[in-house]
2 protein chains.
Amino acid sequence: MHHCQTLLQAARIVTQDAQRRVLSNAALAIDQGIIVDIGPSAELSSRWQADSCLHLEDRLVLPGLVNAHTHAAMTILRGLADDMPLMDWLQQRIFPVEQRLTPRLVRLGSLLGFAEMLRTGITACTDMYIFENAVLEAADQAGIRCLAGEGVFAFPSAACAQPSAALTVTRELAAQYQGHERLRVAVMPHSVYTTTPEILAACRDLAQELNLPLHMHLSETQEETRLCQEAHGRRPVDYCHNLGLLDLPCSLAHVVDVNSAEVATLRQHGVVVVHNPSSNMKLASGTAPVTEMLEQGLTVALGTDGAASNNRLSVFTEMRRAALLHKLRTANPVSMPAQAALDMATLAGAAALGDARLGSLEKGKAADCVALDISEPNMLPLHNEASQLVYAATGMETRLTMVGGEIVYQDGRFTRFDYPALCAEICDLRAFLWRAAGLA
Amino acid sequence: MHHCQTLLQAARIVTQDAQRRVLSNAALAIDQGIIVDIGPSAELSSRWQADSCLHLEDRLVLPGLVNAHTHAAMTILRGLADDMPLMDWLQQRIFPVEQRLTPRLVRLGSLLGFAEMLRTGITACTDMYIFENAVLEAADQAGIRCLAGEGVFAFPSAACAQPSAALTVTRELAAQYQGHERLRVAVMPHSVYTTTPEILAACRDLAQELNLPLHMHLSETQEETRLCQEAHGRRPVDYCHNLGLLDLPCSLAHVVDVNSAEVATLRQHGVVVVHNPSSNMKLASGTAPVTEMLEQGLTVALGTDGAASNNRLSVFTEMRRAALLHKLRTANPVSMPAQAALDMATLAGAAALGDARLGSLEKGKAADCVALDISEPNMLPLHNEASQLVYAATGMETRLTMVGGEIVYQDGRFTRFDYPALCAEICDLRAFLWRAAGLA
């Protein structure tokens, strides 16, 4: 008998390993946050003596999903501005509130966002916002994995008067979280249309100096392409390529308005694209050519974007939406099968975060997993696990979320923070937010 | 003090009345299945003495949603065939199973489908299938409202060897359920491409004779239009118009491949269109021009279609998908605002079912309502109720579902049937279904 901290036994384990095996009546042995064994429940029970046993014999267990592009703090803006023209939405509602944000508001909004993610099966995310120190505090409190970065803009944010200040924050956060088990820092210029070539070059240099990855919005709309061509004489991908940004470990959000030459450029540089189908639909940005990207061998992950443009932070929602959207776009019901969508939400998400421990349940990988209630009516009958996860599940079937071997959510309860107290604080923000958005 | 059976008190009531009022700290007084009063909780408490009080002070209550096109029994096929070309999907998987269906299988599948609907806030539906007597039995067992009809085909179904037999079944069911509080019968020819002009004329005559509404699939794909033009020299809308079908009280599912003249024809005849965005995306059928339909004054409801082409039976999912899809299609983020989607799921659904008691919470209307848990992370903060219901809610926040004043689902429990026993029966079908679908 070997010893481990936790033995988790489940009805089914969707491994997402190289063979995409689904194991029935299977178990995970977990020690020090790592999966030390996986296999038939009976075998593992006889092989491992565990400090604690998790009996999930009526659950389906899958790898924790990865939300590879979000702005968790924007959760406090959910429903504050919808169904508006893009510029009115930004200038009349979002920007006025964002100019009045404080670290406390960002921490509260982020904690609510992380709560929603853990509640719906997400164990890791990439987050870009302002006051990112407060976001990281919230991530630590919630227990989620997070690749975080202070948004760098040419204009002042509520957090940083100048882009250099945002880079200083990035440098400080990178030092503070160096070697952290769950939290990492990236350089995050907001986009080509909110920065200058000099700012992007400074971002590149900082990322190189500190060996940090880079994450930014790119080619979100045709309008962005037009502005980039007007200002810099190049389309966004070419512009970033020319500035050397694509030579860094790099993930790019949206990537809607790209042609096949640009897709080839991104693939050659090993860039990970983060597809945000809900946000792109809600803001009427267009549809990223994801099937062509996948055919060309590009790695494509999924993101929820922020709650002001989604309004959910659920990768289950994005999996299903991606699978359906690309069938419609290509007029082919075979496009984007369920397994491809599940791969985007797990393995490609791990690639987007540059963290090879994530994305599958295998020996040696991080014990980041989710257990779903498969007795809910929409989960029956269970003919095909990938299909059920992508087309039928909502994410609200999540009954347990584990990050690095630690249970962070179980049966309605968040283990690392006081959720009812958070709800009360969020409700108290209402009057402030309405005034800030010009609604009251 | 007046007397009523039930006083329901909630944090918010989304009425869907003519002014689309949302009431805070409000109550419904319910008697004999009807809303007899609605207003501030304090007022109603002092005005009504109730046999029982439902304290839902931490819930949001809305009208029960209407699923205006489904095949509930197909729930047993969920996940059995996905990501396949349409004809392979139908001919290799769906039809072979459907040829081996029995009343018992249809009853079990329907009961599971109705369980999913009640669990996710649906209180009424239009159902077309075979062995519809078994569907109606299941609807009665579950307590859902249902407008049901035996599918009429030119070829034999497992239930009916000939179309005339399906019409006989329709006649018998209409007699059996005459005057039933929740269950009604319609004439349901399957589609133009699975019937003949003679069959459609016989359907029309029966509907006229028995004063029944008519429901069918129409203009689902460009291929259907092509076939109809080839066989009958007319496009589907014109073909049905010519046969007098549109003169009946009539709801038509899908209506994807239509031009503006056809939309005008449908509007002139008071036809209700049932939009099925998930199914149309999953089968790559195309996108119905719903924004143009609404602009022209057509009534458009929402449907889930069956679980083999969705794979959920949730009108929350369809609301959100419709709102996002039409923003993308029209390249305009103002298209299909949240309130329009909510109207489709409630008031237009009532019109589709031809039942004016449904769709809103007002004095004199049926007490069909749903209570959502608004303390789930995705439901916070609550800045705008319509936005939250359409963009943020999944439907799994449903904690109570009431039909005609009777609680049929509450906190995980179905009140009128043994759900765990149903789950066990459904699981036992697996081997049969796999053999029937040629998978084992």
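Note that the structure is predicted; figures quoted are calculated from it, not measured.

Q: How do you make sense of the pattern of salt bridges when you look at a structure like this?
A: Between side chains of opposite charge, a pair can form as their charged atoms come close. Summed over the entire model, instances satisfying the criterion amount to 56 salt bridges over all chains. The residue Arg 399 of chain A makes a salt bridge to Asp 373 of chain A at a minimum N-O spacing of 3.5 Å. Note that Arg 399 of chain A is positioned in strand β15 (residues 398-403) and Asp 373 of chain A in strand β14 (residues 369-373), a separation of 26 residues in sequence. The same class applies to Arg 399 of chain A as to Asp 373 of chain A, namely buried. Between Asp 205 of chain B and Arg 204 of chain B there is a salt bridge, with the nearest N and O atoms lying 3.1 Å from each other. Its relative accessible area of 37% is what places Asp 205 of chain B among the partly exposed residues. One connected set of salt bridges, linked through shared partners, spans Asp 58, Arg 59, Asp 373, Glu 376 and Arg 399 of chain A together with Arg 119 of chain B.

Q: Just to check I follow, could you spell out the sheet that holds strand β1 (residues 2-14) of chain B for this structure?
A: Two strands in a sheet stick together by hydrogen bonds in their backbones, pointing the same way (parallel) or opposite ways (antiparallel). Residue and element names in this part refer to chain B. Read from one edge of the open sheet, 8 strands run β3-β2-β1-β4-β14-β15-β16-β17, paired in mixed fashion. Looking at which strands have only one partner, the edges of the open sheet turn out to be β3 (34-40) and β17 (413-414). Relative to strand β15 (residues 398-403), helix α3 (residues 103-119) is tilted by about 110°, and along the sheet it contacts β15, β16 (406-410) and β17.

Q: Teacher, can you tell me more about the relation of the copies chain B and chain A here?
A: Related by rotation about an axis and a shift along that axis, the two copies of the chain form a pair. Rotating chain B by 180° and translating it 0.0 Å along the rotation axis places it on chain A, where the RMSD comes to 0.0 Å. Both copies are brought into coincidence by an operation consistent with a two-fold rotation axis. A high fraction, 100%, of the interface residues of chain B reappear at the interface in chain A, so the copies pair face to face through one surface.

Q: Would you take a moment to explain the sheet that holds strand β12 (residues 272-275) of chain B for this structure?
A: Residues and elements named next belong to chain B. Ordered by their spatial adjacency, 4 strands build an open sheet running β10-β11-β12-β13, and the pairing between neighbours is parallel. Edge positions in the sheet fall to β10 (214-218) and β13 (299-302), since each has one partner strand and no second. Across this sheet, the average inter-strand angle for adjacent strands is 30°, counted without regard to direction. Relative to strand β11 (residues 250-254), β10 runs parallel, the two being bridged by 5 bridges. The residue bridging His 215 from the neighbouring strand is Ser 251, located in β11. The sheet contacts of helix α12 (residues 315-330) involve β12 and β13, and relative to β13 the element is tilted by about 130°.

The rules behind these values
- Residues numbered from 1 in each chain as written.
- Chains lettered and ligands numbered in written order.
- Predicted model: local features only at pLDDT ≥ 70, side-chain atom pairs only at ≥ 80, totals over all residues.
- Heavy atoms only, no water.
- Salt bridge = Lys/Arg side-chain N within 4 Å of Asp/Glu carboxyl O.
- Helix = DSSP H or I, 4+ residues; strand = E, 2+ residues; numbered from the N terminus.
- Buried < 20%, exposed > 50% of the residue type's maximum accessible area, 1.4 Å probe, protein only.
- Pairing = 2+ DSSP bridges.
- Contact = heavy atoms within 4.5 Å.
- Axes fitted to C-alpha atoms, helices over the stretch in contact; angles between N-to-C directions.
- Least-squares fit on C-alpha atoms with pLDDT ≥ 70 in both.

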